Amino acid sequence: MNNRQVGEIFDAMADMLDIQGAGYHRVRAYRRAAENVAALGQPLQEIWSRGELESIPGIGATLAAKIDELMRTGQLEAYQQLRAQIPEGVVAMLQITGIGPKTAARLWKELGLESIEALERAAEAGRVRDLSGLGPKTEQNILAGIDALKRRTGRTRMGDAWPLARDMLAALRETKGVRQAAPAGSLRRMRETIGDLDLLVASSDPESVMSRFRQLPQVEEVLLSGPTKTSIRTHQGFQVDLRVLEPARWGTALVYFTGSKAHNIRLRGLALDRGLSLSEYALKREDGSEILCGTEAEVYETLGLPFIPPELREDRGEVEAALAGSLPDLVKLRDLRGDLQFHTTRSDGHHTLLEMAESAQAYGLEYALVTDHSHGLGVTGGLTVSDLQEQQAEIAAVNRQLGGGFRLLAGVEVEVRGNGSLDLPDEALAGLDLVVAAVHSGLRQSRDQLTTRMVAAIENPHVDIIAHPTGRLIGEREPGDLELEAVFAAAAATGTALEVNAHPARLDLKDVHVRRAIEMGVGLVISSDAHAAGDFQLLEFGVATAQRGWAAAGDILNTRPLESLLDWADRGPAGHTQRHR
DNA sequence: GCCGTTTTCGGCCCGACTGTTTTCAGTCG
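Residues numbered from 1 in each chain as written. Chains lettered and ligands numbered in written order. Predicted model: local features only at pLDDT ≥ 70, side-chain atom pairs only at ≥ 80, totals over all residues. Heavy atoms only, no water.

A. Up close: the overall build of chain A. What chain A contains, in helices and strands, is 25 helices and 17 strands. Taking 581 residues into account, the globule formula puts the C-alpha radius of gyration at 25 Å, and chain A, at 26 Å, falls close to it. With respect to the principal axes defined by its C-alpha atoms, chain A has extents near 80 × 60 × 50 Å. Taken over 581 residues, chain A has a buried fraction of 54%. (Helix = DSSP H or I, 4+ residues; strand = E, 2+ residues; numbered from the N terminus. Rg over C-alpha atoms; globule rule 2.2 N^0.38 Å. Buried < 20%, exposed > 50% of the residue type's maximum accessible area, 1.4 Å probe, protein only.)

Structure below.
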């Protein structure tokens with residue numbers, strides 16, 4: 001029973017309790033527990049075996065007992081009972097926009113509808129309007145919502161949502177009266193996937209902004225539109241919400257719409273402690289007078305807090321840290337001096353070594369490590385020992401050509417074979433500046449097998465960095481079944497670094513694992529995994545992921561100057577012996 | 001169901017929009 005499974009059970013229980021009409025706060029307690037379990041970054045099972053479940057925020061005696069039951073028996077009586085009482089299809093109705101727990105319960109109990117399909121037939125037949133309080137419009141909205149649900153492909157990757165947000169905001173900025181325009185919501189917090197896109201605009205002429213927004217070429221359908229809020233659906237079925245407000249209220253609005261919801265609730269609690277009420281419009285005193293905040297910093301300051309970066313706003317301890325003055329000094333994009341994974345046309349990259357080096361230099365990097373695939377990864381036509389030697393000569397030539405201020409480093413992304421050995425000989429690896437090792441095949445191995453294999457790679461004295469440790473592809477492929485605690489322990493013991501792969505499809509390690517790895521003393525690197533000259537910009541996503549994992553510059557090895565990085569890697573035998581003690 | 005320099009009970013964030021109502025419930029974020 002892993003963290004994800006427990007979280008899903010608590011979330012499902014929250015849905016079912018909600019339909020049953022359980023109290024709002026009880027339902028919220030289950031949802032909060034689900035979120036906090038998902039945010040742990042370490043196995044719930046280990047916390048359970050140490051008897052420390054109640055140390056998890058939002059887990060009290062009752063929920064701890066439920067987790068205990070799940071861990072011991074793999075079952076949960078209370079969950080089974082709920083499932084027996086409420087048809088699965090009724091719970092599924094909650095996914096339809098516009099249908100909440102109250103409506104779902106009534107459709108089920110009063111119309112006998114037990115699935116989305118049955119609901120669709122009833123709505124088409126005009127039977128839904130028979131319920132008091134539901135009319136023809138609601139019926140049409142339900143049908144539109146079912147249609148949207150069928151087309152919905154789940155959450156969108158951060159890397160796909162950003163271009164859409166940038167395009168729409170650029171268009172809105174051209175509208176008269178606009179002072180500020182920014183993304184908000186999970187996109188601004190740089191979550192790996194985005195549900196709906198939230199945009200925020202400050203303008204003296206809201207109606208012009210709304211009008212422009214409704215007419216953007218990306219818009220397929222206007223879902224709702226009022227003076228301050230408009231929601232649309234794009235042709236791809238992606239929902240975008242726009243809020244427009246007056247510039248003087250920008251700070252409170254940006255805090256509010258950036259969220260997370262859980263973070264906002266904490267801020268509101270702090271406001272109440274100070275006799276204030278916080279909304280998206282202002283902080284309000286008890287006498288009704290308003291404190292307007294034009295910046296986010298003013299909002300936090302009024303609450304007695306330092307500025308909390310959006311990437312931390314998940315109610316994962318950032319409010320406590322802010323109160324204690326112990327917020328981390330997060331790593332910034334500009335702290336990165338180099339990149340430690342990119343590819344060229346020698347394997348599966350699209351540009352030559354020189355083109356990639358020039359792009360890396362133009363991007364502002366001081367060094368970059370070439371890491372074409374080794375030959376074991378057949379699909380990419382990877383490097384043999386002699387290819388690697390040829391490339392080293394080429395690297396020297398490019399370094400001479402580019403001159404000072406930038407240094408290309410010799411490396412490889414060597415394949416970790418099924419048994420944990422590497423598919424290049426020691427002699428070939430010894431001549432490189434840094435060696436990156438990765439698993440690309442056999443990710444479906446058993447937990448024991450995969451973990452043993454990964455630990456073997458980590459303990460290999462030639463290996464400096466493990467690339468994309470879990471192998472996941474967001475929305476496409478589940479991570480390998482790894483015992484990450486063992487991987488982190490091995491990495492910390494040997495001084496082998498783990499990668500935070502910046503590609504938006506990977507983001508691997510992910511945020512909560514970054515945080516756990518740092519706690520365990522693991523050194524990290526942020527790498528672009530660039531396959532084309534423009535891909536160094538992806539580093540931004542890797543930095544954001546590290547920030548979400550509370551990483552400071554000191555936790556990230558490629559923030560170091562070249563000399564210091566090479567000292568760490570120390571290719572000499574003594575250095576390795578020392579580091580792999 | 002959680003939680004506590006308001007501590008074992010009584011709180012638990014705040015507001016917009018819609019559809020259906022004659023003043024508001026439900027949903028959403």
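B. Molecular detail of the packing of aromatic side chains. This structure, assessed with the given rule, holds four aromatic pairs. Geometrically, the ring pair formed by Y300 and F307 is edge-to-face, given 5.9 Å between the ring centres and 80° between the ring planes. Overall, Y300 belongs to the buried group, its relative accessible area being 0%. Here F307 falls in the partly exposed class, since its relative accessible area comes to 39%. Cation over ring: R515 sits above W550, and NZ or CZ is 3.8 Å from the ring centre. (Phe/Tyr/Trp six-rings, centres within 6.5 Å; stacked < 30°, edge-to-face > 60°. Lys NZ or Arg CZ within 6 Å of the ring centre and 35° of its normal.)

C. Focus on the domain arrangement of chain A. Domains assigned within chain A are domain 1 (3-151), domain 2 (156-245), domain 3 (249-324) and domain 4 (333-579). Measuring from the centre of the C-alpha atoms in domain 1 to the corresponding centre in domain 3 gives 29 Å. Contacts between domain 1 and domain 3 engage five residues on the former and four residues on the latter. Of all residues in domain 1, the largest losses of buried area upon contact with domain 3 belong to R28, R32 and A39, amounting jointly to 67% of the total for that side. Counting across the domain 1 and domain 3 interface gives one salt bridge. Between D315 and R32 there is a salt bridge, and its shortest N-O distance comes to 3.6 Å. Taken together, the links from domain 1 to domain 3 amount to zero residue pairs in polar contact (both at pLDDT 80 or more). Residues of the side of domain 1 that touches domain 3, tallied by class, amount to one nonpolar, one polar and three charged. (Domains from an automatic or database assignment. Contact = heavy atoms within 4.5 Å. Buried area = accessible area lost by both parts, 1.4 Å probe. Salt bridge = Lys/Arg side-chain N within 4 Å of Asp/Glu carboxyl O. Polar contact = N/O pair within 3.5 Å; in protein donor to acceptor, adjacent residues only side chain to side chain. Nonpolar A, V, L, I, M, F, W, Y, C, P; charged D, E, K, R; others polar.)

D. The protein's contact with DNA strand B, seen in detail. Lining the immediate surroundings of DNA strand B are 49 residues, of which G60, T103, G135, Y256 and R268 lie closest. Backbone sugar and phosphate groups make up 77% of those atoms of DNA strand B lying within 4 Å of the protein. Between DNA strand B and G58, the relevant distance is 2.9 Å, taken from a phosphate oxygen to a main-chain nitrogen or oxygen of the residue. At 3.3 Å from a phosphate oxygen of DNA strand B is found a side-chain nitrogen or oxygen belonging to T62. It is helix α2 (residues 24-38) that contributes the most residues to the surface near DNA strand B, six residues altogether. For the surface near DNA strand B, a count of residues per class yields 19 nonpolar, 17 polar and 13 charged. (Near = heavy atom within 4 Å.)

E. Seen up close, the side chain of E413. Assignment of secondary structure puts E413 in strand β13 (residues 407-415). Although E413 lies buried, it forms no salt bridge, and the closest oppositely charged side chain, R506, sits 6.3 Å away as judged by the N-O distance. With near-sequence residues (within four places) excluded, E413 lies in contact with Q341, H343, T371, D372, H373, S374, V436, A438, H440, A467 and H468. (Lys, Arg positive; Asp, Glu negative; His and termini not counted.)

F. Representation of the layout of surface pockets. Looking at the second largest pocket, its volume works out to about 400 Å³. Secondary-structure elements contributing two or more residues to the lining of the second largest pocket are α2 and α22 (511-519). Of the residues contributing to the lining of the second largest pocket, the split by class is five nonpolar, four polar and 10 charged. (1 Å grid on protein atoms, 1.4 Å probe; cavity = no way out; pocket = protein on both sides within 12 Å on 5 of 7 lines; lining within 4 Å. Points joined across faces, edges and corners; volume = space filled by probe spheres on them.)

G. Spotlight on empty space enclosed by the protein. Applying the stated rule across the entire model yields four cavities of 30 Å³ or more. Computed from the structure, the largest cavity encloses a volume of approximately 70 Å³. Lining the largest cavity, in full, are T228, R243, V244, L245, R249, A253, F257, E280 and Y281. Of all the elements, strand β7 (residues 239-245) adds the most residues to the lining of the largest cavity, at three residues. Viewed by domain, the lining of the largest cavity spans two of them, domain 2 (156-245) and domain 3 (249-324), each represented by three or more residues. Each pocket or cavity is described by its volume, and for the second largest cavity that value is around 40 Å³. What lines the second largest cavity is T252, V255, Y256, N264, R268, L278, S279 and E280. Counting only elements with at least two residues in the lining of the second largest cavity, the list comes to α13 (250-258) and α14 (261-273). Its residues placed into classes, the lining of the second largest cavity shows three nonpolar, three polar and two charged.

H. Spatial organisation of helix α18 (residues 385-402). Helix length check: α18, at 18 residues, gives a terminal C-alpha distance of 26 Å against a target of 26 Å (1.5 Å per residue), a fit within 8%. All buried positions along α18 are accounted for by L388, Q391, I395, V398, N399 and L402. Along the long axis of α18, the arc covered by the buried residues comes to 100°, so they all point the same way. Turned more than 90 degrees off the buried face of α18, the exposed positions are Q389, R400 and Q401. Buried positions along α18 lie against α17 (353-362), β12 (367-370), β13 and α19 (426-430). The positive-phi residue at the C-terminal boundary of α18 is G403, with phi of around 75°. (Expected span 1.5 Å × (residues − 1). Arc of directions from axis to C-beta.)

I. Summary view of the confidence of the model for chain A. For chain A, mean pLDDT is 91; residues scoring 70 or higher make up 97% of the total. Considering each helix and strand of chain A separately, the mean pLDDT is smallest for helix α25 (residues 573-579), with a value of 43, and largest for strand β17 (residues 524-527), with 98. Long-range and interchain partners of residues 571-581, a stretch whose pLDDT sits below 50, account for 29 contacts in this model, where long-range means more than four residues apart. (pLDDT = per-residue confidence, 0-100.)

J. Main features of the sheet that holds β7. The five strands lie next to each other as β2-β4-β7-β6-β5, forming an open sheet whose pairing is mixed. Single-partner strands in this sheet number two, and they are β2 (178-183) and β5 (219-225). For this sheet the average axis-to-axis angle between neighbouring strands, irrespective of direction, equals 20°. Of the pairings in the sheet, the one linking β2 to strand β4 (residues 197-203) comprises five bridges and is antiparallel in character. In the strand pairing of β4, A181 is matched with V201. Contacting β2, β4, β5, β6 (229-234) and β7, helix α12 (residues 206-214) runs over the sheet at an angle of about 165° to β7. (Pairing = 2+ DSSP bridges. Axes fitted to C-alpha atoms, helices over the stretch in contact; angles between N-to-C directions.)

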